[in-house]
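Spelled out, the chains give:
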Amino acid sequence: MFGFFIALLSGALMSIQGVFNTQVTKASTIWVANAFVQCTALLVCLGVWLVSDRSSFGALFKVHPKYMLLGGAIGAVITYTVIKAMEMLGPARSVMLIVVSQLAVAYLIELFGLFGVEKQPFEMRKLTGMGLAIVGIIIFKWT
């Protein structure tokens with residue numbers, strides 16, 4: 001149950017962050033805003049690490065395959081694309097499309113067992129749910 005609430009909090013914070021980042025971009029540029037976002041994230045992470053964790057950064061060199069270390073670089077692209085989407089489509093439409101895209105890609109990752117994730121069998125109900133989400137976007141767009 002705790003995981004459910006954490007996921008809801010994550011979604012809410014992602015929406016708020018997207019709006020904040022878009023507003024910061026209006027006062028600067030998209031790459032200045034993106035750099036600021038990534039730097040403040042680094043500072044928060046280092047601060048929490050200093051207070052609570054203190055495990056070695058050396059463990060990062062043990063990660064295999066090495067492309068798994070690209071999460072931060074992907075995060076910079078995510079920040080850029082969220083800012084652009086919200087700027088062009090508005091927060092609600094952007095978040096709907098982002099969430100459906102996340103859901104579709106996550107399902108494909110599970111379905112094909114990509115990136116070390118355990119392969120899951122195809123389920124028609126999941127495909128139906130994805131279809132309903134897409135129909136929801138269409139309805140939302142036309143209202």
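As shown above, the structure is provided for reference.
Quick caveat, the model's predicted, so the values are computed rather than measured.

Draft legend 1. Examining the side chain of Asn21 more closely. Tracing the backbone shows Asn21 in helix α1 (residues 2-27). By relative accessible area, Asn21 is classed as buried at 7%. Excluding residues within four positions of it along the chain, Asn21 makes contact with Ala33, Val37, Thr79 and Ile83.

Draft legend 2. Inspection of the packing of aromatic side chains at higher detail. Evaluation of the coordinates by the stated rule reveals four aromatic pairs. Pairing Phe4 with Phe5 gives two aromatic rings, centres 5.7 Å apart and planes at 80 degrees, and the pair type is edge-to-face. Relative accessible area serves as the criterion here: at 51%, Phe4 is assigned to the exposed category. Here Trp31 and Tyr80 contribute two aromatic rings whose centre-to-centre distance is 5.0 Å and whose plane-to-plane angle is 10 degrees, an arrangement assigned as stacked. Placement of the pair is Trp31 in helix α2 (residues 30-53) and Tyr80 in helix α3 (residues 71-89), with a sequence separation of 49 residues. Judged by its relative accessible area of 28%, Tyr80 is partly exposed. Seen from the ring of Trp49, Arg54 lies directly overhead, with NZ or CZ sitting 5.7 Å from the centre.

Draft legend 3. The arrangement of a nonpolar patch on the surface in detail. Together, Tyr67, Met68, Leu70, Ile74, Ile78, Leu108, Phe112, Leu114, Phe115 and Val117 give the surface a local cluster of nonpolar side chains, amounting to about 930 Å² of exposed area. Sorting the residues of the nonpolar patch by element identifies α3 and α4 (91-112) as the ones contributing at least two each. Here Phe112 lies in helix α4.

Draft legend 4. Region of interest: the environment of Leu111. Mapped onto the fold, Leu111 is located in helix α4. Judged by relative accessible area, which is 16%, Leu111 ranks as buried. When the C-alpha atoms of Leu111 and Ser52 are compared, they prove to be 36 Å apart, with 59 residues separating the residues in sequence. Residues in contact with Leu111, not counting those within four places in the same chain, are Lys119, Gln120, Pro121 and Phe122.

Draft legend 5. Quick look at the packing of α3 against α4. It is at 7 Å that the axes of α3 and α4 come closest, and there the two elements cross at 135 degrees. On the basis of the axis angle, α3 is oblique to α4. For the pair α3 and α4, the sense of crossing is right-handed. Contacts from Val82, Ala85, Met86 and Leu89 in α3 reach Pro91, Arg93, Ser94, Val95, Leu97 and Ile98 in α4. Its residues assigned to classes, the contact of α3 with α4 shows eight nonpolar, one polar and one charged.

Rules used throughout
Residues numbered from 1 in each chain as written. Predicted model: local features only at pLDDT ≥ 70, side-chain atom pairs only at ≥ 80, totals over all residues. Heavy atoms only, no water. Helix = DSSP H or I, 4+ residues; strand = E, 2+ residues; numbered from the N terminus. Buried < 20%, exposed > 50% of the residue type's maximum accessible area, 1.4 Å probe, protein only. Contact = heavy atoms within 4.5 Å. Phe/Tyr/Trp six-rings, centres within 6.5 Å; stacked < 30°, edge-to-face > 60°. Lys NZ or Arg CZ within 6 Å of the ring centre and 35° of its normal. Patch = residues over 30% accessible without salt bridge, like charges linked within 9 Å, V, L, I, M, F, W, Y side chains within 5 Å. Areas by Shrake-Rupley, 256 points an atom, 1.4 Å probe, with all protein chains shown as cover. Salt bridge = Lys/Arg side-chain N within 4 Å of Asp/Glu carboxyl O. Axes fitted to C-alpha atoms, helices over the stretch in contact; angles between N-to-C directions. Parallel < 35°, antiparallel > 145°, perpendicular 65-115°, else oblique. Left-handed = near helix turned anticlockwise from the far one by under 90°. Nonpolar A, V, L, I, M, F, W, Y, C, P; charged D, E, K, R; others polar.

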